[in-house]
Amino acid sequence: MQIKLILLDFDGTLAATADAHTKAYILALQESGIVISEEEYKSKFFGVRCSEFLRAIGVTSNEMMERIRLRKIELYPTFFDSVRLNEPLWNFAQDFRSKGGKVWICSTGQRDNITNAMQYLGIDGMVDGILTSDDVTESKPSPEAFLKAMAIEGVTPAETLIFEDSTVGIAAAEASGAAYFKVDL
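Source: prediction; values computed, not measured.

Asks: Residues and numbers for unusual backbone geometry, please.
Replies: The step from lysine 140 to proline 141 runs through a cis peptide bond, and the omega angle for that step is 25°. You can see proline 141 is positioned in the loop between strand 5 (129–131) and helix 7 (144–153).

Asks: Report on the nonpolar core, specifying residues and quantitative values.
Replies: By size, the foremost hydrophobic cluster in this structure holds 44 residues, and its most contacted members are Leu8, Phe10, Leu14, Phe53, Leu54, Ile68 and Met118. Of the residues forming this core, the biggest block, 6 residues, is contributed by helix 1 (residues 18–31). Every residue in contact with methionine 118, bar those within four places of it in the chain, is listed here: Phe10, Ile105, Ile123, Asp124, Val127 and Ile130.

Asks: Please set out the sheet that holds strand 6 (residues 160–164) residue by residue, giving values where relevant.
Replies: Pairing in this open sheet of 5 strands is parallel, and the strands run 5-4-1-6-7 from one edge to the other. Since the sheet does not close on itself, it has two edges, and those belong to strand 5 and strand 7 (179–182), each with one partner. On average, each strand axis in the sheet is inclined to that of its neighbour by 20°, with strand direction left out of account. Across 4 bridges, strand 6 lies against strand 7 in parallel orientation. By the bridge assignment, leucine 161 is partnered in strand 7 with alanine 179. Packed onto the sheet, helix 8 (residues 167–176) meets strand 6 and strand 7 and runs at close to 165° relative to strand 7.

Asks: Kindly report on the pairing of strand 1 (residues 5–8), identifying the contributing residues and their values.
Replies: Burial along strand 1 is two-sided: the face carrying Leu5 and Leu7 and the face carrying Ile6 and Leu8 are both buried. When strand 1 meets strand 4 (residues 102–106), the two strands line up parallel, connected through 4 bridges. From the neighbouring strand, isoleucine 6 faces strand 4, where its bridge partner is valine 103. Relative to strand 6, strand 1 runs parallel, the two being bridged by 4 bridges. Each residue of the ladder has a partner; that of isoleucine 6, found in strand 6, is leucine 161.

Asks: Account for the pairing of strand 6, with residues named and values stated.
Replies: With respect to burial, strand 6 is a largely interior element, 5 of its 5 residues being buried. Of the two faces of strand 6, the one lined by Thr160, Ile162 and Glu164 and the one lined by Leu161 and Phe163 are each fully buried. For the segment spanning strand 6, helix 8 and strand 7, crossover handedness is right-handed.

Asks: Please provide a residue-by-residue account of the packing of helix 7 against helix 8, values included.
Replies: Contact pair helix 7 / helix 8: the axes reach a minimum separation of 8 Å and the direction vectors enclose 45°. By the criterion of interaxial angle, the relationship of helix 7 to helix 8 is oblique. Residue-level contacts link Phe146, Leu147 and Met150 of helix 7 to Gly169, Ala172, Ala173 and Ser176 of helix 8. A class-by-class count of the residues in the contact of helix 7 with helix 8 yields 5 nonpolar, 2 polar and no charged.

Asks: How would you sum up the pattern of salt bridges? Please name residues and give values.
Replies: This model, assessed by the stated rule, comprises 12 salt bridges. Residue lysine 140 is joined to aspartate 9 by a salt bridge in which the shortest nitrogen-to-oxygen separation is 3.1 Å. Taken as a pair, lysine 140 in the loop between strand 5 and helix 7 and aspartate 9 in the loop between strand 1 and strand 2 (15–16) lie far apart in primary sequence, 131 residues in all. Judged by relative accessible area, which is 9%, lysine 140 ranks as buried. Note on aspartate 9: relative accessible area 5%, which makes it buried. The partner of arginine 69 in a salt bridge is glutamate 66, and the shortest N-O contact between them spans 2.8 Å. Residue arginine 69 and its partner glutamate 66 are both found in helix 4 (residues 62–75); the two are separated by 3 residues, about one turn of the helix. The class for arginine 69 is partly exposed, based on a relative accessible area of 22%. With a relative accessible area of 35%, glutamate 66 lands in the partly exposed category.

So, how was this worked out
Residues numbered from 1 in each chain as written. Predicted model: local features only at pLDDT ≥ 70, side-chain atom pairs only at ≥ 80, totals over all residues. Heavy atoms only, no water. Helix = DSSP H or I, 4+ residues; strand = E, 2+ residues; numbered from the N terminus. Core = buried A, V, L, I, M, F, W, Y, C linked by side-chain atoms within 4.5 Å. Buried < 20%, exposed > 50% of the residue type's maximum accessible area, 1.4 Å probe, protein only. Contact = heavy atoms within 4.5 Å. Pairing = 2+ DSSP bridges. Axes fitted to C-alpha atoms, helices over the stretch in contact; angles between N-to-C directions. Right-handed = clockwise from strand over helix to strand, strands pointing away. Parallel < 35°, antiparallel > 145°, perpendicular 65-115°, else oblique. Nonpolar A, V, L, I, M, F, W, Y, C, P; charged D, E, K, R; others polar. Salt bridge = Lys/Arg side-chain N within 4 Å of Asp/Glu carboxyl O.

In structure tokens:
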């Protein structure tokens, strides 16, 4: 079977964004009177959907969650000096596209964060589609985003290759039935 679709996770796979996300969250939380360490965020919460993360650290008010979420999105670009593109994976994906293949980003991240980072990296508009936490009802480890991208492109799991970095992302890739590579960026 020929591969027709490549699905890329964004944070930690296509782009090294952990430092920028962490610093933006830490500052947004501090502004709301909540203190957690960078180490705690990175080890326990990086890659977790915003609402799930905030609930896990004790934020129960929807208003406060939304205020922190929006502030984090606002702060995130101020830390882009630490964001870097996974050049070998990006070049591979672009070569695949040049030969007629499709490339999508499937991320539990928020669309604004991803599009802002893509603009900073100079790669906006260079994929065939993006699915984020805004586009699915279940986040990874559910394979929903991967299966949705496959359905949109009309391909099977056997015609799809996924690149992921996180434990929940790998679980989602396995559950989708597609072949996958674990990325260590």
